[in-house]
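# Close look at the chain arrangement
Now for the letters of each chain:
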Amino acid sequence: MGNKKLTVVLFIIYLLALNWLVLFKLQFSFDQITRVRVINLIPLNGSVFSEVYNNIRIFVPFGIYICMLKSNWSFKKKLLSFFGLTLAFEVIQYVLAIGISDITDILANTLGGLIGIGIYEILFKIFKHRTNKFINLLALVLTSFVLLFIIFIFKRHRILFM
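Here is a short report on the structure shown in this document.

## Focus: helix α4 (residues 103–127)
Across its 25 residues, α4 extends 36 Å between first and last C-alpha, which sits within 8% of the 36 Å expected from 1.5 Å per residue. Taken as a whole, α4 has its buried residues at Thr-104, Asp-105, Ile-106, Ala-108, Asn-109, Thr-110, Gly-112, Gly-113, Gly-116, Ile-117, Tyr-120 and Leu-123. The N-cap residue of α4 is Asp-102: its side-chain oxygen and the backbone nitrogen of Thr-104 are 2.9 Å apart. Trailing α4 by a residue or two, Lys-128 shows a phi angle of about 50°, which is positive.

## Here we look at helix α2 (residues 49–69)
The end-to-end C-alpha distance of α2, which contains 21 residues, comes to 31 Å, matching closely the 30 Å that a straight helix rising 1.5 Å per residue would cover. In the structure, α2 departs most strongly from a straight axis at Phe-59, where the bend amounts to approximately 25° and where the proline Pro-61 lies between one and four residues downstream.

## A few points about the environment of Ile-13
Position of Ile-13 relative to the elements: it lies in helix α1 (residues 3–22). Residue classification places Ile-13 among the partly exposed positions, given a relative accessible area of 26%. Taking the C-alpha atoms as reference, Ile-13 lies 9.2 Å from Leu-147; in sequence the two are 134 residues apart. In this structure, Ile-13 is in contact with Thr-143 and Leu-147, ignoring residues within four places of it in sequence.

## Thoughts on the packing of α1 against helix α3 (residues 75–96)
Relative to each other, α1 and α3 sit at 40°, their axes nearing to 11 Å. As the angle between them shows, α1 and α3 are arranged oblique. Here α1 and α3 pass one another in a crossing that is right-handed. Seen from α1, the contacting residues are Leu-15, Leu-18, Asn-19 and Val-22; seen from α3, they are Leu-85, Phe-89 and Gln-93. When its residues are assigned to classes, the contact of α1 with α3 shows 5 nonpolar, 2 polar and no charged.

## Some details on a nonpolar patch on the surface
Taken together, the side chains of Ile-39, Leu-41, Leu-80, Phe-83, Leu-87, Val-91, Ile-92, Tyr-94, Val-95 and Leu-96 make up a nonpolar region of the molecular surface, amounting to roughly 890 Å² of accessible area. Counting residues per element, the nonpolar patch draws most heavily on α3, at 8 residues. Locating Val-91 in the fold gives a position in helix α3. You can call Val-91 partly exposed: its relative accessible area is 44%.

## Points about the nonpolar core
Core analysis: the largest hydrophobic core is formed by 25 residues, its most contacted members being Phe-11, Leu-18, Phe-62 and Tyr-65. Of all the secondary structure elements, the ones that give two or more residues to this core are α1, α2, α3, α4 and α5 (131–160). Element by element, the count of residues in this core is highest for α2, at 10 residues. Once residues within four sequence positions are removed from consideration, Phe-11 is found in contact with Phe-62, Tyr-65, Ile-66 and Leu-69.

## Side note on the packing of aromatic side chains
Applying the stated criterion to the full structure yields 10 aromatic pairs. Centroid distance Phe-11 to Tyr-65: 5.3 Å. Interplanar angle 50°. Geometry classified as tilted. Placement of Phe-11 in helix α1 and of Tyr-65 in helix α2 is noted, with a sequence separation of 54 residues between them. As far as the burial class goes, Phe-11 and Tyr-65 line up, both buried. Ring geometry for Phe-62 against Phe-82: centres 5.6 Å apart, planes inclined by 75°, an arrangement best described as edge-to-face. A residue pair is termed long-range when its members are at least 10 positions apart, and Phe-62 in helix α2 and Phe-82 in helix α3 qualify at 20 residues. Classification of Phe-62 by relative accessible area gives buried; the value is 5%. Classification of Phe-82 as buried rests on a relative accessible area of 0%. Among the aromatic residues, those joined into a cluster by ring pairs are Phe-11, Tyr-14, Phe-59, Phe-62, Tyr-65, Phe-82 and Phe-89. Note that Arg-37 overlies the ring of Tyr-94, its terminal NZ or CZ placed 5.4 Å from the centroid.

What counts and how
- Each residue is numbered by its place in its chain's sequence as written, counting from 1.
- Owing to the predicted nature of the model, reporting of local features is limited to residues with pLDDT of at least 70; listing and counting of side-chain atom pairs is limited to 80 or more, with chain, interface and lining totals taken over all residues.
- Calculated side-chain values reflect all of the structure's heavy atoms, with hydrogen atoms and water omitted.
- Strands are runs of DSSP state E lasting at least two residues, helices are runs of H or I lasting at least four, and both sets are numbered from the N terminus onward.
- Expected span, for any helix, means 1.5 Å times one less than how many residues it has.
- Exposure categories follow from relative accessible area, calculated using a 1.4 Å probe and restricted to protein chains: below 20% of the type maximum is buried, above 50% is exposed, and the middle band is partly exposed.
- Any pair of N or O atoms that falls within 3.5 Å is considered a polar contact. Within protein, one atom must be able to donate a hydrogen and the other to accept it, and sequence-neighbouring residues count only if both atoms are side-chain atoms.
- Throughout, the bend at a residue refers to the angle made by two axes, fitted to the seven residues ending there and to the seven starting there.
- Throughout, a residue-residue contact means that at least one pair of heavy atoms, one from each residue, lies within 4.5 Å.
- To obtain an axis, a line is fitted to C-alpha atoms, over the contacting stretch when the element is a helix, and the angle between two such axes runs from 0 to 180 degrees between their N-to-C directions.
- Between 65 and 115 degrees an angle is taken as roughly perpendicular, under 35 as roughly parallel, over 145 as roughly antiparallel, and anywhere else as oblique.
- If you view the pair so one helix is near and one far, a crossing is left-handed when the near helix is turned anticlockwise from the far one by less than a right angle, and right-handed when it is turned clockwise.
- In this classification, the charged set is Asp, Glu, Lys and Arg, the nonpolar set is Ala, Val, Leu, Ile, Met, Phe, Trp, Tyr, Cys and Pro, and all remaining amino acids, among them Gly, are polar.
- The patch calculation keeps residues exceeding 30% relative accessible area without a salt bridge and links them within 9 Å when they carry like charges or within 5 Å when they are nonpolar (Val, Leu, Ile, Met, Phe, Trp, Tyr).
- In short, Shrake-Rupley with a 1.4 Å probe defines the accessible areas, and a residue's cover is counted only from the protein chains shown.
- The salt bridge criterion pairs a side-chain nitrogen of Lys or Arg with a carboxyl oxygen of Asp or Glu, the two atoms within 4 Å.
- Nonpolar core, defined: a set of buried Ala, Val, Leu, Ile, Met, Phe, Trp, Tyr and Cys residues in which side-chain atoms within 4.5 Å join the residues together.
- Ring geometry is summarised as follows: Phe, Tyr and Trp rings, the Trp one being its six-membered ring, pair when their centres sit within 6.5 Å, and such pairs are stacked at plane angles under 30 degrees, edge-to-face over 60 and tilted between the two.
- Definition used: whenever NZ (Lys) or CZ (Arg) falls within 6 Å of the ring centre and also within 35 degrees of the ring normal, the charge is taken to sit over that ring.

Here it is as structure tokens:
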């Protein structure tokens, strides 16, 4: 598989996992999701450090993938992609009443994407033209572990509820 195709496949898997994490809170059915419709427009109001940290962390790969797939995009366009996706997640959570729509999440997720850009730039200074190959290899290994973990959880979940 070509390097660019591998990047696209890994990015799609990442986006699916991101949707499952952000929108469905790693649940297997809508019945298990707490139904709430709340908007918080005050940054860091009631936020727990670990939640903010995790929101930053889960969007770092998005910044890296955007750099790999859209290297010709301006910094502003990349920033708008993080912001736009996060805003979409928050709107969907509100509309479907499946989570708290929080400005802190938008800020933290956008910061995670920016950190991803920074990590990509650092790796590019080190690996030059081999950067995407290096990231793809690392992402392939990590994605494989995550998929195995999800399969393990799914099998365990099915056993518990059969």
